[in-house]
Amino acid sequence: MSKRFLIAGNWKMNKNAQETRAFFNQLKNLLTPTIQSELLICPPFTSLETAAHYNQTTQIALGAQNVHPELKGAFTGEISPAFLKGLVSYVIIGHSERRTLFGETSAFINQKLHALLSAELKPILCVGESLQERKQNKAFSVIETELEEGLKGISADQASSLTIAYEPIWAIGTGETATPEIAEAIHAFIRKWLTNRFPQQANSIRLLYGGSLKSSNAQHLLSQPNIDGGLIGGASLEPNSFIEIARIADQIRK
Ligand code: PEP
């Protein structure tokens, strides 16, 4: 049986509480007929409570865009996994914007991963190469290193809570999308890496594609055998375009 797609929206630093309310009120009316794919929205921290009010009526899962590895203490401005527990089910870690703009290392991301697993929250680990790395034929080795370092020390049991998002940095927010062939080649590589490491779990771990995914390119990307959903930035900000991608996914895995 094929896996359910995960269609995830990463809002980044967009939508205050009022805008979040408007989004979900509009989205509610777009959910019939029922969507089969799993839907996930990752709003800013300050909009999570507002989004949580819609959980019951919309069945949309919530995620956070970041977390700190410690449970509490002198970490000004940070958010603990304990605060997220009960509010979200997924947490994005290792997004390229966190790596490049905020200097997050794979070692730090690995600490976050362990903290999330201990709190029974589901990590979405992002990996992806820059344009320069792709041009230098380093895409596969960059991904391999990010997987090695990011997933260091996790058990096979813990691996079943993972989601991995392949997000080529050159495709994020640029309007440029990886071709389905490029995306599938990396996804197949990630699946093989996971199979070597976690033979029992590898096939059930969802691999998402992210990078200017939208309704006009979703069909080809989501039809690839190793792509199990999308991590969507820009196109998740508007209820119609987000739901359209989910409906395309539903058509592929009926
Ligand atoms: C992202 O932020 O994870 C992303 C893929 O953004 P966009 O869809 O806008 O490229």
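Above this note sits the structure.
Calculation notes
Residues numbered from 1 in each chain as written. Predicted model: local features only at pLDDT ≥ 70, side-chain atom pairs only at ≥ 80, totals over all residues. Heavy atoms only, no water. Helix = DSSP H or I, 4+ residues; strand = E, 2+ residues; numbered from the N terminus. Rg over C-alpha atoms; globule rule 2.2 N^0.38 Å. Buried < 20%, exposed > 50% of the residue type's maximum accessible area, 1.4 Å probe, protein only. Areas by Shrake-Rupley, 256 points an atom, 1.4 Å probe, with all protein chains shown as cover. Lys, Arg positive; Asp, Glu negative; His and termini not counted. Charge placed at Lys NZ, Arg CZ, Asp CG, Glu CD. Pairing = 2+ DSSP bridges. Axes fitted to C-alpha atoms, helices over the stretch in contact; angles between N-to-C directions. Contact = heavy atoms within 4.5 Å. Core = buried A, V, L, I, M, F, W, Y, C linked by side-chain atoms within 4.5 Å. Near = heavy atom within 4 Å. Polar contact = N/O pair within 3.5 Å; in protein donor to acceptor, adjacent residues only side chain to side chain. Parallel < 35°, antiparallel > 145°, perpendicular 65-115°, else oblique. Left-handed = near helix turned anticlockwise from the far one by under 90°. Nonpolar A, V, L, I, M, F, W, Y, C, P; charged D, E, K, R; others polar. Disulfide = S-S within 2.5 Å.

Draft legend 1. Focus on the overall build of the protein chain. Tallying secondary structure elements over the protein chain gives twelve helices and eight strands in all. Since a compact globule built from 254 residues should have a radius of gyration of about 18 Å, the 17 Å found for the protein chain is in line with a globular shape. Per-residue burial over the protein chain gives 52% buried out of 254 residues. Taken as a whole, the protein chain presents about 11,800 Å² of accessible surface, with 51% of it coming from carbon and sulfur. Positive and negative side-chain charges of the protein chain, numbering 24 and 23 respectively, have mean locations separated by a distance of 3 Å.

Draft legend 2. Representation of the sheet that holds strand S4 (residues 90-93) within the structure. Strand order around the closed barrel formed by eight strands is S1-S2-S3-S4-S5-S6-S7-S8, with parallel pairing between neighbours. Strand-to-strand twist across the sheet, computed as the mean angle between neighbouring axes with direction ignored, equals 25°. As paired strands, strand S2 (residues 38-42) and strand S3 (residues 61-64) are joined by two bridges and run parallel to one another. If you follow Leu-40 over to S3, its bridge partner there is Ala-61. Contacts from helix H8 (residues 139-150) reach strand S5 (122-127) and strand S6 (163-166) within the one sheet, and its direction differs from that of S5 by about 150°.

Draft legend 3. Broad picture of the nonpolar core. Core analysis: the largest hydrophobic core is formed by 64 residues, its most contacted members being Ile-7, Phe-24, Leu-151, Ile-164, Ile-190 and Leu-194. Sorting elements by how many residues they give to this core places helix H12 (residues 239-252) first, with six residues. Ranked by size, the runner-up nonpolar core spans twelve residues in total, among them Tyr-90, Ile-92, Ile-124 and Cys-126.

Draft legend 4. Spotlight on the pairing of S6. Residues Thr-163 and Ala-165 of S6 are buried on one face, and the alternating residues Ile-164 and Tyr-166, pointing to the opposite face, are buried as well. Sheet topology places S5 next to S6; four bridges connect them, and they run parallel. Its bridge partner being in S6, Ile-124 is matched across the sheet by Thr-163.

Draft legend 5. How the structure looks around the site of the ligand. Taken together, 14 residues sit near the ligand, with Lys-12, Glu-167, Gly-173, Ser-212 and Gly-233 positioned nearest. Between the ligand and Gly-173, the relevant distance is 2.6 Å, taken from an oxygen atom to a main-chain nitrogen or oxygen of the residue. Within the backbone of Ser-212, one N or O atom sits 2.8 Å away from an oxygen atom of the ligand. Protein chains shield 95% of the accessible area of the ligand, which is 290 Å² for the free molecule.

Draft legend 6. Quick peek at the environment of Leu-101. Tracing the sequence through the fold places Leu-101 in helix H5 (residues 96-101). Residues Leu-101 and Ser-130, spaced 29 residues apart in sequence, show a C-alpha to C-alpha distance of 14 Å.

Draft legend 7. Seen up close, the packing of helix H1 (residues 17-28) against H12. Contact pair H1 / H12: the axes reach a minimum separation of 9 Å and the direction vectors enclose 45°. Classified by the interaxial angle, the pair formed by H1 and H12 is oblique. H12 is crossed by H1, and the crossing has right-handed handedness. Touching Phe-23, Gln-26 and Leu-27 of H1 are Pro-239, Asn-240, Phe-242 and Ile-243, all from H12. Of the residues that constitute the contact of H1 with H12, the class distribution is five nonpolar, two polar and no charged.

Draft legend 8. Broad picture of the state of the cysteines. Enumeration over the complete set of coordinates arrives at zero disulfides. Among the cysteines around Cys-42, which has no disulfide bond, Cys-126 carries the closest sulfur, lying 9.3 Å off. The exposure class assigned to Cys-42 is buried, which follows from its relative accessible area of 0%. A relative accessible area of 2% means that Cys-126 is categorised as buried.

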